[in-house]
Amino acid sequence: MKRNLGGKRKRAAILTVCALAGILLSGCGAGKRTDTKLTVWTNMNVEADTIQKYADEWGAANGYEVEVIHQSPSVQQFAQAINSPDGPDAVIGIPNDQLADYVNAGLTAQVPDALYDDAAFSEAAIQACYVDGVRYAAPLSVETTALFYNTDLVSQVPATWEELVEQAADSGGVSFDATSIYYDLGFVRACGGYIFKYENGAYDVEDIGLANAGAVQAYEFINALCNEYHLLSADVTADIARSNFQNGQTAYYIGGPWDIDGFSSAGTNFQIVQMPTFNGQPFVTPVGTQVSFVSNKSDSQDKAWEMILYLIDHGAMDMYEAGDRIPAKLSDQLAAGIQESEYSKAFIAQINNGEPMPTVSEMGQLWSIHTNNIRSMWMGELTAGEAAENMVTQLEEAVALMNSGK
């Protein structure tokens, strides 16, 4: 039987022409194409809807669909997800102290040189975006700690820590977790100590400044808070300190914007000021920066950066109203809606005296080492100098062990 090959060839040719025509026509319509998509993960829960709002605005103007997914990613999770077709192109709003882990794992794209001007943002926020002298993230919002005081117990806050502890010993005390380097950083920095030496946009993890003469001086003062002034004890955690202040048991408390709602709801009468000086120097507090970065596996890196910058440039006030996120951009910090808040003004003033915790993976080894040695010092097992030397020795050993597997 003879096959009708000619008829089949004609039908195939017609189908091919139709398919080509469909492709051409789909690109010639009046509307923009929306077959391109960005997937964004965010660590921010309360602000996720706000981020989606501005992602949609940017997407509508640029022909992109943007899906914002609330996700608290780990490096391992992210590394696996970016290899899938629907994996994240970017992450918005992770704490800056996690950035180095993603960079060290080879997962992050460098920020394009012209994307934004460092001078437009808080200095601490910019410092938080660099790892080994290279810029890997864009700063979204900033937070730090400041001094809360009970207005029923304190009429005027002393200008120095030296004066404050004298007053607090007689008028209700001061409460914070002084075993943590997070709260002790200001004492250490004011005396010339440091965690890792920072120069030219990079940290030298082999240069640890927690046992120099200045750091020892700071730890002697912290020891006095416990054993001379009897203001602190090893069992005072951050939660206990917060509860003591909320219930009016202490006059002073070191806390952050995250504490405001709880104290207000409890009816605690309080105000917030920037930290008193110590040792004649400004009190440096850790500035936490919510940063955003782009996957180096994304096929749409430029568009992902564009979308991130759109959120920074246009969404600052909505982010502030949604979650009390103080913008990292200096011009946005001056907005009327922010300047009307005495609380926010106090935190912004303190941010100007702040710095990020070192943006290096080695920082994760210090937390428990610091806490354990401060407790041993308070219990009389170590002098301030011995505790400081212990910290450095143990940190060096922990870092060497951590890096031995690389």
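Parameters at a glance
Residues numbered from 1 in each chain as written. Predicted model: local features only at pLDDT ≥ 70, side-chain atom pairs only at ≥ 80, totals over all residues. Heavy atoms only, no water. Helix = DSSP H or I, 4+ residues; strand = E, 2+ residues; numbered from the N terminus. Buried < 20%, exposed > 50% of the residue type's maximum accessible area, 1.4 Å probe, protein only. Contact = heavy atoms within 4.5 Å. Areas by Shrake-Rupley, 256 points an atom, 1.4 Å probe, with all protein chains shown as cover. Lys, Arg positive; Asp, Glu negative; His and termini not counted. Charge placed at Lys NZ, Arg CZ, Asp CG, Glu CD. Pairing = 2+ DSSP bridges. pLDDT = per-residue confidence, 0-100. Axes fitted to C-alpha atoms, helices over the stretch in contact; angles between N-to-C directions. Parallel < 35°, antiparallel > 145°, perpendicular 65-115°, else oblique. Nonpolar A, V, L, I, M, F, W, Y, C, P; charged D, E, K, R; others polar. Salt bridge = Lys/Arg side-chain N within 4 Å of Asp/Glu carboxyl O. Core = buried A, V, L, I, M, F, W, Y, C linked by side-chain atoms within 4.5 Å. Phe/Tyr/Trp six-rings, centres within 6.5 Å; stacked < 30°, edge-to-face > 60°. Lys NZ or Arg CZ within 6 Å of the ring centre and 35° of its normal. Left-handed = near helix turned anticlockwise from the far one by under 90°. Right-handed = clockwise from strand over helix to strand, strands pointing away.

Asks: So what's going on with the overall build of the protein? Which residues, and what values?
Replies: Regarding its fold elements, the protein presents 17 helices and 14 strands. Principal axes of the C-alpha set define a box for the protein whose edges measure 105 × 50 × 35 Å. The proportion of buried residues among the 406 residues of the protein is 50%. A sequence separation of at least 24 residues applies to 76% of the contacts in the protein between residues at least 6 apart. Total accessible area on the protein stands at roughly 18,700 Å², and carbon and sulfur atoms take up 48% of it. Across the protein, the 21 positively charged side chains and the 51 negatively charged ones have centroids separated by 28 Å.

Asks: Can you explain the pairing of strand 7 (residues 146-150)? Please cite residues and give values.
Replies: Across the five residues of strand 7, five count as buried, placing the element largely inside the fold. The pairing of strand 7 with strand 11 (residues 252-255) spans four bridges and is antiparallel. Bridging from a neighbouring strand, alanine 146 pairs with glycine 255 of strand 11. Summarising the sheet, strand 7 and strand 12 (residues 270-273) pair through four bridges and their orientation is antiparallel. In the sheet register, leucine 147 faces strand 12, and the bridge partner there is valine 273.

Asks: Requested: an account of the confidence of the model for the protein, with residues and values cited.
Replies: Taken as a whole, the protein shows an average pLDDT of 90; of its residues, 91% reach a score of 70 or greater. Scored below 50 in pLDDT, residues 1-34 shows seven contacts in the model against residues more than four places distant or in partner chains.

Asks: Kindly report on the sheet that holds strand 14 (residues 326-327), identifying the contributing residues and their values.
Replies: Read from one edge to the other, the open sheet built from six strands follows the order 2-1-3-13-6-14, with strand pairing classed as mixed. In the strand order of this sheet, the two ends are held by strand 2 (64-70) and strand 14, each with one partner.

Asks: How would you explain the sheet that holds strand 12 if you had to name every residue and give the values?
Replies: Strands sit in the order 8-11-7-12 across an open sheet of four strands; the sheet is mixed. Sheet topology places strand 8 (174-175) and strand 12 at the edges, where each strand pairs with a single neighbour. Packed on one face of the sheet, helix 6 (residues 161-170) meets strand 7, strand 8 and strand 11 and runs near 130° to strand 11. With respect to the sheet, helix 15 (residues 342-351) is in contact with strand 7, strand 11 and strand 12, its orientation differing from that of strand 12 by roughly 30°.

Asks: Which residues make up the packing of helix 7 (residues 181-190) against helix 16 (residues 366-378), and what values go with them?
Replies: Think of two packed helices as two axes; the pair is described by the angle between the axes and how far apart they sit. For the pair helix 7 and helix 16, the least separation of the axes is 11 Å and the interaxial angle reads 75°. In this view, helix 7 runs roughly perpendicular relative to helix 16, as classed from their interaxial angle. Only Leu366, Trp367, His370 and Ile374 of helix 16 make contact with helix 7, whose side of the interface consists of Ile181, Tyr182 and Asp184. Looking at the contact of helix 7 with helix 16 residue by residue, the class counts come to five nonpolar, one polar and one charged.

Asks: An account of the pattern of salt bridges is needed here, citing residue identities and associated values.
Replies: This structure, assessed with the given rule, holds eleven salt bridges. Here lysine 53 ties to aspartate 318 by a salt bridge, and the two come within 2.8 Å at their closest N and O atoms. Of this pair, lysine 53 sits in helix 2 (residues 48-62) while aspartate 318 is found in helix 12 (residues 316-323), placing the two residues 265 residues apart along the sequence. Using a relative accessible area of 40% as the deciding quantity, one classes lysine 53 as partly exposed. Among the ionic pairs, lysine 329 bridges to aspartate 313, the shortest N-O distance being 2.8 Å. Placement of the pair is lysine 329 in the loop between strand 14 and helix 13 (330-333) and aspartate 313 in helix 11 (residues 301-314), with a sequence separation of 16 residues. It is possible to trace a salt-bridge network through shared partners that takes in Glu47, Glu143 and Arg325.

Asks: Give me the lowdown on the nonpolar core, citing residues and values where you can.
Replies: The tendency in soluble globular proteins is for nonpolar side chains to be buried as a group. Counting residues in each nonpolar core, the largest one holds 70 residues, and the members touching the most others are Tyr116 and Phe148. With seven residues, helix 11 is the largest single contributor of residues to this core. Ignoring sequence-local partners within four residues, the contact set of tyrosine 116 consists of Val111, Phe121, Ile126, Cys129, Arg135, Ala137, Ala138, Pro139 and Leu309. Tyr203, Phe221, Phe283 and Val399 belong to the second largest nonpolar core, which has 58 residues in total.

Asks: So what about the packing of aromatic side chains? Which residues, and what values?
Replies: Per the stated rule, a full pass over the model turns up 28 aromatic pairs. Their ring planes at 80° and their centres at 6.3 Å tell us that phenylalanine 148 and phenylalanine 245 sit as a pair that is edge-to-face. Placement of phenylalanine 148 in strand 7 and of phenylalanine 245 in helix 9 (residues 238-246) is noted, with a sequence separation of 97 residues between them. Of the two residues, phenylalanine 148 and phenylalanine 245, neither departs from the other in class, the shared state being buried. With centroids separated by 5.8 Å and ring planes inclined at 70°, the aromatic side chains of phenylalanine 263 and phenylalanine 270 adopt a geometry described as edge-to-face. Taken together, the ring pairs in this structure connect Trp161, Phe176, Tyr182, Tyr183, Phe187, Phe221, Phe278 and Phe283 into an aromatic cluster. Above the face of the tyrosine 116 ring, arginine 135 is positioned so that its terminal group lies 4.1 Å from the ring centre. When the ring centre of tyrosine 194 is taken as origin, the NZ or CZ atom of lysine 197, which lies over that ring, is 5.0 Å away.

Asks: Explain the packing of helix 8 (residues 213-227) against helix 16 residue by residue, including any values.
Replies: Relative to each other, helix 8 and helix 16 sit at 55°, their axes nearing to 9 Å. Between helix 8 and helix 16, the angle falls in the class oblique. For the pair helix 8 and helix 16, the sense of crossing is right-handed. Counted together, Tyr219, Ile222, Asn223, Cys226 and Asn227 of helix 8 and His370, Ile374, Met377 and Trp378 of helix 16 form the full contact between these two elements. Here the residues of the contact of helix 8 with helix 16 sort into six nonpolar, three polar and no charged.

Asks: Would you mind going over the pairing of strand 2 in detail, with residue names and values included?
Replies: Strand direction decides the pairing type here: strand 1 (residues 36-42) and strand 2, joined by seven bridges, are parallel. The residue of strand 2 that forms the bridge with tryptophan 41 is isoleucine 69. Where the polypeptide runs from strand 1 across helix 2 and back to strand 2, its parallel neighbour, the crossover connection is right-handed.

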